[in-house]
Each structure stands twice: as C-alpha cells, then as structure tokens.
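Residues per chain are reported as follows:
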Amino acid sequence: MSHYAAPRTTAEAVELLGTRPGSRVIAGGTDLVVAARGGKRQLPESLIALHRITELARQQEVDSGVVLGALTTHAWIERSPLVRSRWSALAEGSALIGSPATRATGTIGGNLMNASPAMDTGSPLVVLDATVELQSNAGSRSLHVDELFAGPGETTAAADELLCSVYLPDPPPGTGSAYVRLEHRRAMEIAIVGAAAALTLDPDGLIGAARIALTSVAPRCLRVPAAEALLLGRRPEVEVFAEAGRTAVAAVRPISDVRASADYRRAMTSVVVARALSRTAGRADSGLARRPFAE
C-alpha cells in the first residue's frame, strides 16, 4: 500500500475516489483487513478510510422509514429497539455476524459492498425492500439492494461510487419479518443456508404480500418469486410454508465447499425457508402487532 487517506467529509471521500483510480474504501476493516492478514488477498495500493466521516455514522428516522448511514455498525442495528420492532429480519441477521467485537466494528455499508453470497444482512435487506444511496462526482443515485449485488464480491456500483446510506421503508400494517440461518455453531460462523422472509397479512388473516430471499445458495442473495406467489391469498399455516420451502429449492444454485455439499444446501433450503416463514407469521398476526425478534 502506497497511498492512505482519511477524509473528514463525504464530499472529500467521493472526490478522492474519483481522482485515485484503483482505490478501495475501508470502513470497519472486518473484511478487507482480515482477508489481507489471512493471505487471501493483498491490500490495495490506495486506501480511503471513512472512520472520520461522522455524517456516515448517523441514523435518522424519517416519516416513511429510517436512514442508516453506511458506517452504522451491526451492533447498533442488533440493539436498536426501532430496528428490532419494525425490521426484525435485519436485527436478527446483524446479531449473527461474527463476534461481539466484529459487530461493534463492522458496518452495514462495508457488508453490502463486500457482497458475499453468505452475508447475513443481504437477504433481510432484500425482503425489507431497502435501497442504498451511491454518490460520485457525477451526482447520486438510489437503487434497491437486490440491484446492488452482481456476484460473489461484486456489485453494480461504479469504481468511483461511494455507498453513503441505506434506507429502510416502513413496513405496511400487518407485516412481520424474520431471518433464519443454518450453521454448525452459533458464533463466528458463516451461513450454510439462510432465509429471510417478510409477510403482510390482510384483515382476514390471509397473506396479502410475501417476499423471500436466500443466503449462501447462489452466487448472490437470491429472491424466489415462485415461492412468494404460492403464498398469496392463503392462510399462514405450516403446510403452506412447507410447500413454499419446497418450491424455493428449484431456484437455488448452491456450491460444495468445506462447510457443506451442494446437495445438503439444497435439501436444507426448504427447511430454512419454512422456519423463516413460520417465525415471520408469528410477528405478522391478525392483530397487526409488530413483535420484536427477542420474543
């Protein structure tokens, strides 16, 4: 590494990205630095550290939802009463990341831009219809999180674009969400299979809207529209959720690695989807209550 900068404003960071080709942005460093220390990849020649930019570490509740600065930590999300009650899936996913030290340092912006197919915040953000704001010297643009992921470690953001914030829209009344992960151990683990779900129940208790996204079974976090469509207009029952889980299996493209075989991931997809839907339905009850994930 031959160049290092620690700007104090977003505008300065964006300017540096635009004038130093090949630069990498670093936030908490829980991905980039760990990979370098483990010998997986070298640090880039030019690093732009964001830790001094206080505006990127802010959270703001707005009329239609909440805006999380890119430097919002997983620990903040995990503990936030606001996130736990309205966007439970994201709080659950954040609570599963690494260790307490990792969660206290790692950021939502860094996690998204790392774009791992096994990331625990990606699928929750997809089912919650979250959007990100990207800024460059040419201006800013917004896109859905589902549109940000291009493949393992790859995003659709341009090299000179900085992810500045994540916007979570308020869920409709009667909506619940959840994230369930299959792993060998509770802490310091990477998802073998994960599933996030969001359900909205109508006044009659039928499923009026459904979103399902999968983790660690494809090159990117994956929505399963066929399984979502199967749920619409039906009652939130165990048999229905099991059917949706089986339908989701057709969309997955898992790999075999040291943690699990592709066949095992495929078999477990239906199980994890059904569990996520069952937990979600408990939060999207006919009383339209939003239940925090700790219950």
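The structure this text deals with has already been given above.
Residues numbered from 1 in each chain as written. Predicted model: local features only at pLDDT ≥ 70, side-chain atom pairs only at ≥ 80, totals over all residues. Heavy atoms only, no water.

Caption draft 1: Focus on the nonpolar core. Leu90, Leu112, Leu125, Val132, Val166 and Leu168 are the most contacted members of the largest nonpolar core, which has 36 residues in total. Beyond its immediate chain neighbours, meaning those up to four positions away, valine 132 contacts Leu112, Arg141, Ser142, Leu143, Val145, Leu148, Leu163, Ser165 and Val166. Among the nonpolar cores identified, the runner-up in size contains 30 residues, and Ala195, Val224, Ala227 and Phe241 belong to it. (Core = buried A, V, L, I, M, F, W, Y, C linked by side-chain atoms within 4.5 Å. Buried < 20%, exposed > 50% of the residue type's maximum accessible area, 1.4 Å probe, protein only. Contact = heavy atoms within 4.5 Å.)

Caption draft 2: A look at unusual backbone geometry. The backbone of aspartate 129 shows a phi angle near 60 degrees, a positive value even though the residue is not glycine. Within the secondary structure, aspartate 129 sits in the loop between α8 (122-127) and β6 (131-136). The exposure class of aspartate 129 is partly exposed, given its relative accessible area of 31%. Phi angles above zero are rare outside glycine, and serine 216 is one such case at about 70 degrees. With respect to the helices, strands and loops of the structure, serine 216 is situated in the loop between β13 (207-215) and β14 (222-223). (Helix = DSSP H or I, 4+ residues; strand = E, 2+ residues; numbered from the N terminus.)

Caption draft 3: Highlighting the pairing of strand β10 (residues 162-169). With 6 of its 8 residues buried, β10 lies for the most part within the structure. In terms of strand pairing, strand β5 (residues 65-69) meets β10 through 5 bridges, oriented antiparallel. By the bridge assignment for β10, valine 66 is matched with leucine 168. (Pairing = 2+ DSSP bridges.)

Caption draft 4: Local environment of the sheet that holds strand β3 (residues 46-49). Pairing is parallel in the open sheet, where 3 strands are placed in the order β1-β3-β2. For this open sheet the edge positions go to β1 (3-5) and β2 (24-26), each flanked by a neighbour on one side alone. Strand after strand, the sheet turns through a mean of 25 degrees between neighbouring axes, direction not considered. Both β2 and β3 contribute to a ladder of 3 bridges, which runs parallel. (Axes fitted to C-alpha atoms, helices over the stretch in contact; angles between N-to-C directions.)

Caption draft 5: A look at the sheet that holds β5. One open sheet accounts for 5 strands, arranged β4-β5-β10-β6-β7; its pairing is antiparallel. The outermost strands of the open sheet, each flanked by one partner alone, are β4 (59-62) and β7 (139-144). Here the average twist between neighbouring strands, direction ignored, is 20 degrees. Seen against the sheet, helix α1 (residues 10-19) touches β6 and β10 and runs at an angle of roughly 125 degrees to β10.

Caption draft 6: Spatial organisation of the environment of alanine 138. For alanine 138, the position within the fold is in the loop between β6 and β7. Residue classification places alanine 138 among the exposed residues on the basis of a relative accessible area of 79%. The sequence separation of alanine 138 and aspartate 160 amounts to 22 residues, and the corresponding C-alpha distance is 9.4 Å.

Caption draft 7: How the structure looks around the pattern of salt bridges. Overall, the coordinates contain 14 salt bridges when judged by the stated rule. As a salt-bridge pair, arginine 181 and aspartate 120 come within 2.8 Å of each other at their nearest N and O atoms. Taken together, the positions of arginine 181 in strand β11 (residues 175-182) and aspartate 120 in the loop between α7 (108-114) and α8 put the pair 61 residues apart, joining distant regions of the chain. Each member of the pair, arginine 181 together with aspartate 120, is buried. Taking the shortest distance from any N to any O, the salt bridge between glutamate 161 and arginine 141 comes out at 2.7 Å. Of the two residues, glutamate 161 sits in the loop between β9 (154-155) and β10 while arginine 141 sits in strand β7, which places them 20 residues apart along the sequence. Residue classification places glutamate 161 among the buried positions, given a relative accessible area of 11%. Under the relative-accessibility criterion, arginine 141 is labelled partly exposed at 34%. Shared partners join several salt bridges into a network, and the residues in it are Glu61, Arg86 and Asp170. (Salt bridge = Lys/Arg side-chain N within 4 Å of Asp/Glu carboxyl O.)

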